[in-house]
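Reading the structure
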Amino acid sequence: MNQEVILNKRIQTAGNKSKLRTMVQIAMLSAVSAVLMLFEFPIPFLAPPFIKMDFSEIPVLVGTFAMGPLAGVAIELLKNILHLVTYGTTTGGIGELSNFFIGCALVVPAGFFYKKRKTRKSALWGMGSGTLLMVFAGCISNVFVMFPLYSAVMGIPMDTFIAMGTAIHPAIDNMVTFVVLCMVPFNLAKGIIISLITLLLYKRLKVVLRGE
């Protein structure tokens, strides 16, 4: 009986240590991601200058592979909250909301694929699926939610966004063509770049994150 009690205590202690380790890793990766959000840059030939690329999804994807899709969502949420609280916002919080939504669309499928089978092939399938879902989710959210919301909150007419798109792609004449010709290639490029960098980094970082 005493041995059983001791064993249960050891199991409970190990479980508590594991939970604490996970919480610390989530906090650490969220902080790194929040900092990386500061280093954003436009891709002029794909989209107007106000649409910017950053590498903040890399730590989120690394954490998702190491701890699962729920941890990825937690890192994504904390990342945007930390960025909003620490550095403020120039978009009325709409940019952070969009970043969270689009980021989850990328990392959650990747996490589910990799959790089911922890192989390089599964990781590739997961990130590929996540990239496609991010592109699709970006189309729907930008047309019906993000751009209309941003226009209403910031007082910028929708025609202004469309005009910026037309300067890059003359075929753009409404919000649908703006999203298809600007946001689709931008998000596709972002997903591919983030996935490739994560694939190169994860093997080295998982030793630290998973204690291997």
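A quick note: this is a predicted structure, and the numbers were derived from the prediction, not measured.

Overview of the overall build of the protein chain
The number of helices and strands found in the protein chain is seven helices and two strands. Mapped in sequence order, the helices and strands of the protein chain form the string α-β-β-α-α-α-α-α-α. Counting only residues that meet the buried cut, the protein chain has 41% of its 212 residues in that class.

Thoughts on the pattern of salt bridges
A side chain of one charge can pair with a side chain of the opposite charge when the charged atoms of the two come close. Tallied over the entire structure, the rule returns two salt bridges. In this structure, E57 engages K79 in a salt bridge whose closest nitrogen and oxygen atoms are separated by 2.8 Å. With E57 in helix α2 (residues 57–67) and K79 in helix α3 (residues 69–87), this pair connects stretches of sequence that are 22 residues apart. Relative accessible area serves as the criterion here: at 1%, E57 is assigned to the buried category.

A word on the environment of N142
Following the sequence through the fold, N142 ends up in helix α5 (residues 120–154). Residue N142 is classed as buried on the basis of its relative accessible area of 6%. Apart from the residues lying within four places of it in its own chain, the contact partners of N142 are F147, P148, V179 and M183.

Details of the packing of α2 against α3
Relative to each other, α2 and α3 sit at 155°, their axes nearing to 7 Å. Comparing their axes, α3 and α2 come out roughly antiparallel. Classified by chirality, the crossing of α3 by α2 is right-handed. Residues E57, V60, G63, T64 and M67 of α2 touch α3, and the partners they reach there are P69, A71, G72, I75, E76 and K79. Grouping the amino acids of the contact of α2 with α3 by side-chain chemistry returns five nonpolar, three polar and three charged.

Here's the deal with the packing of aromatic side chains
Here the structure, examined in full by the defined rule, presents nine aromatic pairs. Ring centres of F65 and Y202 lie 5.5 Å apart, and the angle between their planes is 65°; this geometry places the pair in the edge-to-face category. Highlighted residues: F65 in helix α2 and Y202 in helix α7 (residues 175–209), separated in sequence by 137 residues. Here F65 and Y202 have matching classes, each one buried.

Examining the packing of α3 against helix α4 (residues 94–116)
Following both chains from N to C, one finds α3 and α4 inclined at 160°, their axes separated by 8 Å at the closest point. Accordingly, the angle class assigned to the pair α3 and α4 is roughly antiparallel. Our pair here, α3 against α4, has a crossing hand that is right-handed. In this structure, α3 uses P69, G72, V73, E76, L77, K79, N80, H83 and L84 to contact α4, whose residues at the interface are E96, N99, F100, G103, C104, V107, V108, G111, F112 and K115. Looking at side-chain class alone, the contact of α3 with α4 contains nine nonpolar, six polar and four charged residues.

Cut-offs applied
- Residues numbered from 1 in each chain as written.
- Predicted model: local features only at pLDDT ≥ 70, side-chain atom pairs only at ≥ 80, totals over all residues.
- Heavy atoms only, no water.
- Helix = DSSP H or I, 4+ residues; strand = E, 2+ residues; numbered from the N terminus.
- Buried < 20%, exposed > 50% of the residue type's maximum accessible area, 1.4 Å probe, protein only.
- Salt bridge = Lys/Arg side-chain N within 4 Å of Asp/Glu carboxyl O.
- Contact = heavy atoms within 4.5 Å.
- Axes fitted to C-alpha atoms, helices over the stretch in contact; angles between N-to-C directions.
- Parallel < 35°, antiparallel > 145°, perpendicular 65-115°, else oblique.
- Left-handed = near helix turned anticlockwise from the far one by under 90°.
- Nonpolar A, V, L, I, M, F, W, Y, C, P; charged D, E, K, R; others polar.
- Phe/Tyr/Trp six-rings, centres within 6.5 Å; stacked < 30°, edge-to-face > 60°.

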